[in-house]
Amino acid sequence: MSLTEKYPQEVKKILAKYPPEQKRSAVMPLLYLAQRQEGYATRAAMQDIADLLAITPTDVASIIGFYTLFHDEKEGRYRMQVCTDLPCALRGADQFLQELCTNLQVQVGQTSEDDLVTIEEVKCLAGCDKAPMFQLQGENGIEYHENMTVDKTLELIEALRKSGKEVK
Amino acid sequence: MPKQLVSLIIDGQSVSVPAGTLIVDAAKQVGIDIPVFCYHPKMEPVGMCRMCLVEVGRPVIDRVSGQPVIEGGKPKIQFGAKLETACTTPVSEDMQVVGMSEKARTGRKEIVEFLLTSHPLDCPVCDKGGECPLQNLTMAHGSSESRFKFDDKQHQKKHVPLGDLIWLDRERCIQCARCIRFQGEIVGDAVLDFFRRGRATDIVTYSEPGFDSIFSSNTTDICPVGALTTADFRFGARPWEMNSAASICTHCPVGCNTTLNIRREARSDGNMVIKRIMPRQNEQVNEIWLCDKGRFAHHFSASPDRLAKPLVRTGELVTESSWEEALNLAARSLVEAKQDFIVLAGGRLANEDLFNLKALADGLGGKAALYTHMGGGYLTTLAGVSMDTNFGEMGAGTSILVAASDLYNEAPLWYLRIKQAAARGATLILAGARETKLEKYAAHVIRYAYGDEAQTIKSMQKSKAGQAAAEALASAQNLVVLYGSDGLGLEGSASLAEACAGLLDMTGHAGKPGSGLIGVWPHANDQGAWEMGFQPVADLAAEFKNKLVYIAACDPVGDDPALAEALKSARFVIVQELFQTETTRLANVVLPAQAFTEREGSFTSGERRVQRFYPALPAFGETRPDFSITASLAQKAGLELEGTSALLIMNKIASKYKSFEGLSYARLAEVREQWPLVGRGDIYYGGAIYANTQGLGTRLALLEAGSLPGTKPVESKRPSESELLAIPVCKIYDRGVTVLPSTLLHPHIGDASVSLHPDTAVRFKVQAGSTAQLTVNGTAYQVKVLVDEKVPASVALLPRSMGIPINTPATISLKAA
Ligand code: SF4
Ligand code: SF4
Ligand code: FES
Ligand code: FES
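Owing to the predicted nature of the structure, the values given are computational and were not obtained by experimental measurement.

Of regular secondary structure, chain A possesses 8 helices and 4 strands. Along chain A, helices (α) and strands (β) appear in the sequence α-α-α-α-α-β-α-α-β-β-β-α when read from the amino end. Projected onto its principal axes, the C-alpha coordinates of chain A cover approximately 50 × 40 × 25 Å. Put simply, chain A has 168 residues, and 33% of those count as buried.

In structure tokens form, the structure reads like this:
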């Protein structure tokens, strides 16, 4: 199913926001829409977006590559994106990330064994003063978690795991 | 309107340049080289690499008066706290630029050091080594030792195919985006882009089928490192081992200027071989670019099918012979034939060869014909373009009409340059029966049904789309009309030419400088043949009957097996060729010719520019240049022709043909300084392109146009319901004798195919991708079926030179195989 077939209303709404001669600007909201269900944009979705906006699939892919918000591969149900940029690093984000990974027995960029969370390292998320902080990207959108500790984070992951089971 | 001049000082030198000029270009104009990596004079600046850092000072402006503050009689200059990028900063009045200071030098040194932290420095095995901007600029500006920990070096994939002609070495890429911008800005096909950020940045293509642009190889010239290499030249030779010779591309009528790089090669028994073809700058022809066909389809001159010695037939037996024997036999037959002979010349021949062939035909009373499927050329000699037309300078005020031509496939560099002209404001009008790639840039598109070409041009005002186009044509200051043979044979194209010439006449553009008619010919030197009075013949078979046939540089039997019978009915056949072909197999005498890479000569491009090419390789076997073979033959038949020197023949051409008046080899070899400056020590600026030191060529003069002939109506073929009309079209990579020997192009050449509209495919019960049986003129062929919405209904697009003879639209039958 193409993107327009899947989300006819949303696509229309997004495209309506931009003047027709600058419709390529709609690439980001469309990508965000495309990865709603699976957490990543498929090659087919990239082609759909390219066709919708009269750009090349390579143009679309480069946006995915540039922003850590977009993904072209299936990973965990949630992506935990920890900022380790300089201000956060000064507040211990590096160490936080390392300990978190040790606890989860994964490395940065990897996914927990049960495919629940993928731990990623990203650049500034504009929450510098509340580090360690991360954003949680999942099917319900994006949530910020600030002033975090490893323990609090592990509790959060446990809660996610439970809620996931209930849904099933 | 000339732009206002701005004066400034760069490293102590005063410079005056037009407003808007970038510091880096202004410096270049007075011989100051500011190092760059990402900047390229043909593309918009992006300021990504920071290599061009300079100190910039500007006059201090008094806040109250708004006037520059004067100190000691001079404006007070204030330098910024930080270095600025010379490639993105336009000049301004009284600016002072310092690139030689310690501060600027340190800035560059640090940038080089940063770049090298992620660079493998594998120069000894890198194709670019020896002509590498990074290597050169590291020598000039870099530090002599590394402070970077070796273990922290990134290791990336070193052999990534971006398409099947271009390879990427990820480690070597310095992320200047020149390749990406070339594809996006210049070609208009954004199939390359960055992926990820920072040190993880990668060049990728997500397009299908990858980096498959017909201009892809140009990125290897402008890549400032050895990250991009061609499949043809990769690991082939070091730049300093090769010699170079100036040449001209022979694959299409554009006439791109090239440099052949040659080297002695152990793998080729110690013979000299062409290692690669590089663009040679000619801003009026190809600028600094080449298409991939021009660059890669050079292997034919070393093809194993090359003829090394003359061949003579006695009955069924064909034997190698001496030149003396072969020429004697041919000359005797020529004398015996009296005036009953025809010379059939191919558009691959040089001007000098054509001149001698024509002189032989005229001198001995025979007929001279051009072997082509496209007519109307004599009109380009009357109403063609002259001195002042240059696609590179066209913009607002110029209208360009392209009729019945798919320039992307037929004349790639014209496609590229016309696209650019349209971006600069020229009005582009496309008249075609099907959608072609250039249409994206057209202001007006006129769609007609195959068969209505000439009529459409003549009665343009009658359609709605045509009306706006007609107005744009009439009101244009300059009008350039290109016509081709998409879907047309000899008659159809001749009548289209007449309609186009009529249009130039009617709008008052005929004979005016800056305007004119251009034929998109199937061969590199068809224009030269037309200028010398060659004409095509409609019915070759009839012309062959009982005559002596002297064929040079064409393979009529290979193109159309039906002509074999006709050639057998000739009284004697002389063929002058590079290779064994289907035609040479039927010859009584075969005379082996030199390839253009082995001799000198000149071609006339479709824009009527005469350009010289020079010998690069020693002659193959016992081959001789075409002009000298013809001269020897003429001499033995009692006619004196110049056969020793191409230069002397050019002098004769100049005195015989009005349009060539004043031309000489010396004139053709003249050069002027061109902008941007390329090919000097500063390869980082323009790329590895060669400077033009051996001739920019000269345009032919416009003849007194007089009155142009009117148009004869042509009957257009209309298929009936049960029939299918096959339309000949052009495919850039075909099975032509000069293309096929380049094996690396085979995946692009593919098999004989036919393209149909989905409805047509359904009607004839054939499926996309399947093999079908196509019957044309009573002969059946196997073809692959391609289905494409863009193909007009009820026609079948059949590419020329793909093994199925199709010169002119023909009814065919088609069924599943
Ligand atoms: S591959 Fe070459 S041209 Fe392309 S970004 Fe890298 S260094 Fe620049
Ligand atoms: S555009 Fe034509 S002349 Fe130029 S390189 Fe390509 S084939 Fe050769
Ligand atoms: S540096 Fe981490 S949020 Fe800004
Ligand atoms: S930033 Fe000026 S050349 Fe790259």
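Next comes the rest of the write-up.
The next point concerns the domain arrangement of chain B. According to the domain assignment, chain B contains domain 1 (5–111), domain 2 (118–230), domain 3 (311–372 + 530–662), domain 4 (377–520) and domain 5 (724–816). Inter-centroid distance (C-alpha atoms) of domain 2 of chain B to domain 3 of chain B is 47 Å.

Moving on, we come to the interface of chain B and chain A. Between chain B and chain A, the contact holds 12 residues from the first and 9 residues from the second. Of the residues forming the side of chain B that touches chain A, the biggest block, 3 residues, is contributed by strand 11 (residues 193–195) of chain B. Considering only residue class, the side of chain B that touches chain A consists of 7 nonpolar, 2 polar and 3 charged.

Taken together, 13 residues are adjacent to ligand 1, and Cys173, Cys176, Cys179, Cys223 and Ala227 of chain B come closest. A class-by-class count of the residues in the shell around ligand 1 yields 11 nonpolar, 1 polar and 1 charged.

The next thing to look at is the site of ligand 2. Residues and elements named next belong to chain B. The environment of ligand 2 is formed by 14 residues, the closest being Cys249, Cys252, Cys256, Cys291 and Gly294. Listing elements by their share of the shell around ligand 2, those giving two or more residues are helix 6 (292–296) and helix 11 (412–423). Considering only residue class, the shell around ligand 2 consists of 9 nonpolar, 4 polar and 1 charged.

This part is about the environment of Asp353 of chain B. All names here are of chain B. Mapped onto the fold, Asp353 is located in helix 8 (residues 351–364). Judged by the 30 C-beta atoms lying within 10 Å of it, Asp353 falls in the buried class. Spatially, the C-alpha atom of Asp353 lies 32 Å from that of Leu798, the residues being 445 residues apart in sequence. Sequence-distant contacts of Asp353, defined by excluding residues within four places in its chain, comprise Ala552, Gly601, Asp626, Phe627 and Thr630.

This brings us to the domain arrangement of chain A. For chain A, the domain assignment lists domain 1 (3–66) and domain 2 (78–167). When each unit is reduced to the centre of its C-alpha atoms, the spacing between domain 1 of chain A and domain 2 of chain A is 27 Å.

Below, the discussion takes up the packing of helix 7 (residues 323–337) of chain B against helix 19 (residues 626–636) of chain B. All names here are of chain B. At their nearest, the axes of helix 7 and helix 19 sit 8 Å apart, and the two run at 60 degrees to each other. By the angle class used here, helix 7 and helix 19 are oblique. Along this stretch, helix 7 crosses helix 19, giving a crossing that reads as right-handed. In this structure, helix 7 contributes Leu327, Asn328, Ala330, Ala331 and Leu334 to the contact, and helix 19 contributes Ser632, Leu633 and Lys636.

Looking at chain B as a whole, its pLDDT mean stands at 94, while 98% of the residues score no less than 70. Here the prediction assigns the complex a pTM of 0.94, and the interface score ipTM is 0.89.

For the peptide bond that leads from Glu208 of chain B to Pro209 of chain B, omega is 0 degrees, which places it in the cis range. By secondary structure assignment, the location of Pro209 of chain B is in the loop between strand 12 (202–204) and helix 5 (218–222). With an omega of 0 degrees, the peptide bond running from Trp675 of chain B to Pro676 of chain B counts as cis. Here Pro676 of chain B shows up in the loop between helix 21 (665–668) and helix 22 (683–686). Not every positive phi belongs to a glycine, and Ala54 of chain A is a case in point at roughly 55 degrees.

A few words now on helix 3 (residues 27–34) of chain A. The periodicity of an α-helix, 3.6 residues per turn, causes residues three or four positions apart to be oriented the same way. Residue and element names in this part refer to chain A. Among all positions of helix 3, only Val27, Leu30, Leu31, Leu33 and Ala34 are buried. Buried residues of helix 3, viewed axially, fall in a sector of 160 degrees; they line one side. Structurally, helix 3 contributes buried residues whose contacts are with helix 1 (3–6), helix 2 (8–16), helix 4 (43–53) and helix 5 (57–66).

Residues and elements named next belong to chain B. If you trace the 3 strands from one edge of the open sheet to the other, you get 9-10-13, paired in antiparallel fashion. If you trace the sheet from one side to the other, it starts and ends with strand 9 (160–161) and strand 13 (228–230), each paired once. Across 3 bridges, the pairing between strand 10 (residues 166–168) and strand 13 is antiparallel. Its bridge partner being in strand 13, Ile166 is matched across the sheet by Thr230.

Rules and cut-offs
For every chain, the first residue of the written sequence is number 1, and numbering continues from 1 along that sequence. Think of it this way: whatever chain is written first is A, whatever ligand is written first is 1, and the rest follow in order. Residue-level local features of this predicted model are given only where pLDDT is at least 70; pairs of side-chain atoms are given and counted only at 80 or more, and the full residue set underlies all totals for whole chains, interfaces and linings. Starting at the N terminus, helices and strands are each numbered in turn, a helix being any DSSP run of H or I of at least four residues and a strand any DSSP run of E of at least two. Field definition: a residue is buried when 20 or more other C-beta atoms are found within 10 Å of its C-beta, exposed when 12 or fewer are, and partly exposed for counts in between, with C-beta atoms placed from the backbone. Boundaries of every domain are those given by an automatic assignment or by a domain database. Residues are scored as being in contact if the C-beta atoms we place from backbone atoms lie within 7 Å. Residues are grouped as follows: Ala, Val, Leu, Ile, Met, Phe, Trp, Tyr, Cys and Pro are nonpolar; Asp, Glu, Lys and Arg are charged; all remaining types, including Gly, are polar. For each residue, a C-beta position is placed from the backbone atoms; the residue is near a molecule or strand when that point lies within 6 Å of it. Only C-alpha atoms enter the line fits that serve as axes; for helices the fit covers just the stretch in contact. Angles between N-to-C directions range over 0 to 180 degrees. Orientation is classified from the angle alone, with under 35 degrees giving roughly parallel, over 145 giving roughly antiparallel, 65 to 115 giving roughly perpendicular, and any other angle giving oblique. A clockwise turn of the near helix away from the far one marks a right-handed crossing, whereas an anticlockwise turn of less than a right angle marks a left-handed crossing. How sure the predictor is of each residue is captured by pLDDT, a score from 0 to 100. An arc is given here, and it is the one of the directions from the helix axis to the C-beta atoms. Between any two strands, pairing holds if DSSP finds at least two bridges.

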